[in-house]
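Chain and residue survey
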Amino acid sequence: MMLIRRVPTCQNIGIPGKKCGTIILTAEELNCCRDAVLMQFCANKLDKKDFFGKSDPFLVFYRSNEDGSFTICHKTEVVKNTLNPIWQAFKISVRALCNGDYDRTVKVEVYDWDRDGSHDFIGEFTTSYRELSRGQSQFNIYEVINPKKKGKKKKYTNSGTVTLLSFVVETEVSFLDYIKGGTQINFTVAIDFTASNGNPTQPTSLHYMNPYQLNAYGMALKAVGEIVQDYDSDKMFPALGFGAKLPPDGRISHEFALLPCCWNTKAALCRVRVDLLPANHNGNPQNPYCDGIEGVMEAYYRSLKSVQLYGPTNFAPVINHVARYASSVKDGSQYFVLLIVTDGVISDMAQTKESIVNASKLPMSIIIVGVGPAEFDAMVELDGDDVRVSSRGKYAERDIVQFVPFRDYIDRSGNHILSMARLAKDVLAEIPEQFLSYMRTRGIKPSPAPPPYTPPTHVLHTQI
């Protein structure tokens, strides 16, 4: 079913009394096909269009719609100054190419590129997914026809030919395929206990121990934790703190286990190596796990009463802590996500960048949730959406950091979340693609999902 809506472009604005045009929006229900195809084409003896030199040809692919119209679904790169181009292979989803209808017409137009945008039409041909799926053969050598030239010239044959060089079908896997196949997502929480957050006994502090309501860190931990905990199968979270003086001797630590945490037998069964835990902890070194987000909240408030907020604010130690575990499991069976909750005042920017660059090679992602009124310029830089994080001339292999300013999701009073759905969407926005990028670059396929559980049937035996 196709829906069409015409939207006037000058309604209530623009030039009074003058129609500036119409935008037509069309929609078609997508097929559930998850295949993608990798194709490559070349051409021979295309028409010469440039007065000086030859042609600069490129291809434009169109998917036919249910109403007979066509929609552009792909453009190739331009190959300069040749009548016999070979274009680079490109990947396109079957949904984009034909919406899963293998016999639907695919139209291909051939153009000569011009700098001013007035590209010269060379010709066109039509095909279909079913025809293309035959691969390289005599069936996939297409005559490029220019209808105007064909109508004017009796001896016109064609304007060249386009040949399919390769056609490979790939089934695109999803984040959920790996989860169904048994990949475990392991979340670690790291909380900023530095003095820049303010004295916890003062109402202005982000760590204010208010007996009647959650403080800024408590709100962020609870809200974000409830979102991410559903992706951790056992919901047992290692909970760390950084930037505090620890009892009894006042040592400064940037990587300590919160207290108390509940013992988890899965940890004892070597889910992670406890020997890699830091020595300067104030919780149990063999027990960094907290039972669900409520356990993390309890450990946070208990630790807040026992440690002294200090500094500096160093991210690198907790990133390296999780990276040690991630480096020991690279077979796709586990993926690690570090959630850092901070006021954003960072002291070891260079070391943190180096840690991120190193961690980008591992099955690991980092979510940074910023609390408080800071500008968070450093956190945006670590996010790397605009410029990939680099250190000592080396760029991160992939983007692994997602930054979320928590203040954007709470009301003016700072006590209520405006939209949990929007917060969840933004917190998890990049994790699936970051996860898939690691699996793709390592050639790791999801394991087959186990068969659905079937309860045993009880046969009733009777005596006659």
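Above: the structure in question.
Here the structure is a predicted model, which means the values were calculated and not measured.

Definitions and limits used
Residues numbered from 1 in each chain as written. Predicted model: local features only at pLDDT ≥ 70, side-chain atom pairs only at ≥ 80, totals over all residues. Heavy atoms only, no water. Pairing = 2+ DSSP bridges. Helix = DSSP H or I, 4+ residues; strand = E, 2+ residues; numbered from the N terminus. Axes fitted to C-alpha atoms, helices over the stretch in contact; angles between N-to-C directions. Contact = heavy atoms within 4.5 Å. Polar contact = N/O pair within 3.5 Å; in protein donor to acceptor, adjacent residues only side chain to side chain. Buried < 20%, exposed > 50% of the residue type's maximum accessible area, 1.4 Å probe, protein only. Right-handed = clockwise from strand over helix to strand, strands pointing away. Phe/Tyr/Trp six-rings, centres within 6.5 Å; stacked < 30°, edge-to-face > 60°. Lys NZ or Arg CZ within 6 Å of the ring centre and 35° of its normal. Core = buried A, V, L, I, M, F, W, Y, C linked by side-chain atoms within 4.5 Å. Salt bridge = Lys/Arg side-chain N within 4 Å of Asp/Glu carboxyl O. Parallel < 35°, antiparallel > 145°, perpendicular 65-115°, else oblique. Left-handed = near helix turned anticlockwise from the far one by under 90°. Nonpolar A, V, L, I, M, F, W, Y, C, P; charged D, E, K, R; others polar.

**Remarks on the sheet that holds strand E3 (residues 35–44)**
Spatial strand order, E6-E3-E10-E9: 4 strands in an open sheet with antiparallel pairing. The open sheet has two edge strands, strand E6 (90–93) and strand E9 (141–143), and neither has a second partner. Going across the sheet, the axis of each strand differs from the next one's by a mean of 35°, ignoring polarity. Pairing between E9 and strand E10 (residues 161–171): 3 bridges, direction antiparallel. Of the residues in E10, the one forming a bridge with Glu 143 is Thr 161.

**Section: the environment of Asn 314**
Relative to the helices and strands, Asn 314 resides in the loop between strand E17 (308–309) and helix H8 (316–326). Sequence-wise, Asn 314 and Val 345 are 31 residues apart; in three dimensions their C-alpha atoms are separated by 9.2 Å. Not counting chain neighbours up to four residues away, the residues in contact with Asn 314 comprise Phe 242, His 254, Ser 347 and Asp 348. There is a polar contact of 3.4 Å between the side chain of Asn 314 and the side chain of His 254.

**Quick look at the pairing of strand E18 (residues 334–342)**
The side chains of a regular strand alternate between both faces of the sheet. Most of E18 sits inside the fold, with 9 of its 9 residues counted as buried. Of the two faces of E18, both are covered, the one formed by Gln 334, Phe 336, Leu 338, Ile 340 and Thr 342 as well as the one formed by Tyr 335, Val 337, Leu 339 and Val 341. Bridge count between strand E11 (residues 184–192) and E18: 8 bridges; the pairing is parallel. Residue pairing for E18: Ile 185 is matched across the bridge by Tyr 335. On the question of chirality, the crossover connecting E18 to the parallel strand E19 (residues 364–370) by way of helix H9 (residues 349–359) is right-handed.

**Points about the packing of aromatic side chains**
The final tally for this structure, using the stated rule, is 19 aromatic pairs. With a centroid separation of 5.5 Å and an interplanar angle of 70°, the aromatic rings of Tyr 129 and Phe 167 are classed as edge-to-face. Within this pair, whereas Tyr 129 is found in helix H2 (residues 129–132), its partner Phe 167 is found in strand E10, the two being separated by 38 residues in sequence. The exposure classification of Tyr 129 matches that of Phe 167, with both residues buried. Here Phe 175 and Tyr 231 contribute two aromatic rings whose centre-to-centre distance is 6.1 Å and whose plane-to-plane angle is 45°, an arrangement assigned as tilted. Here the residue Phe 175 occupies a position in helix H4 (residues 175–180), and Tyr 231 occupies one in the loop between helix H5 (216–228) and strand E12 (236–242), the gap between them amounting to 56 residues. A connected cluster of aromatic rings, assembled from ring pairs, spans Phe 175, Tyr 178, Tyr 231, Tyr 335, Phe 435 and Tyr 438. The ring of Phe 139 has Arg 134 lying over it, and the distance from NZ or CZ to the ring centre is 4.6 Å. It is Lys 245 that lies over the ring of Tyr 310; its NZ or CZ is 4.2 Å from the centre.

**Quick look at the nonpolar core**
Counting residues in each nonpolar core, the largest one holds 51 residues, and the members touching the most others are Phe 193, Ile 367, Phe 406 and Leu 423. Sequence-distant contacts of Phe 406, that is, excluding residues within four places in its chain, are made with Met 219, Ala 220, Ala 223, Val 369, Gly 370, Val 371, Ile 417 and Leu 423. By size, the runner-up hydrophobic cluster in this structure holds 32 residues, among which are Val 37, Ala 43, Val 108 and Ile 122.

**Re the environment of Lys 45**
With respect to the element layout, Lys 45 can be found in the loop between E3 and strand E4 (57–64). Not counting the four nearest positions on each side in its chain, Lys 45 is found in contact with Leu 83, Asn 84, Ser 159 and Gly 160.

**A short note on the pattern of salt bridges**
Summed over the entire model, instances satisfying the criterion amount to 15 salt bridges. The closest approach of N and O atoms between Glu 226 and Lys 222, which form a salt bridge, is 3.0 Å. With Glu 226 and Lys 222 both in helix H5 and 4 residues apart, this pair spans about one turn of that helix. You can call Glu 226 partly exposed: its relative accessible area is 32%.

**Details of the packing of H5 against helix H7 (residues 292–306)**
Across the interface, H5 lies against H7 with an axial gap of 9 Å and an inter-helix angle of 160°. What the angle tells us is that H5 and H7 run roughly antiparallel. You can see that H5 and H7 cross each other, and the crossing is right-handed. Residues Tyr 217, Gly 218, Leu 221, Lys 222, Gly 225 and Glu 226 of H5 lie in contact with H7, whose contacting residues are Ile 293, Glu 294, Val 296, Met 297, Tyr 300 and Tyr 301. A class-by-class count of the residues in the contact of H5 with H7 yields 7 nonpolar, 2 polar and 3 charged.

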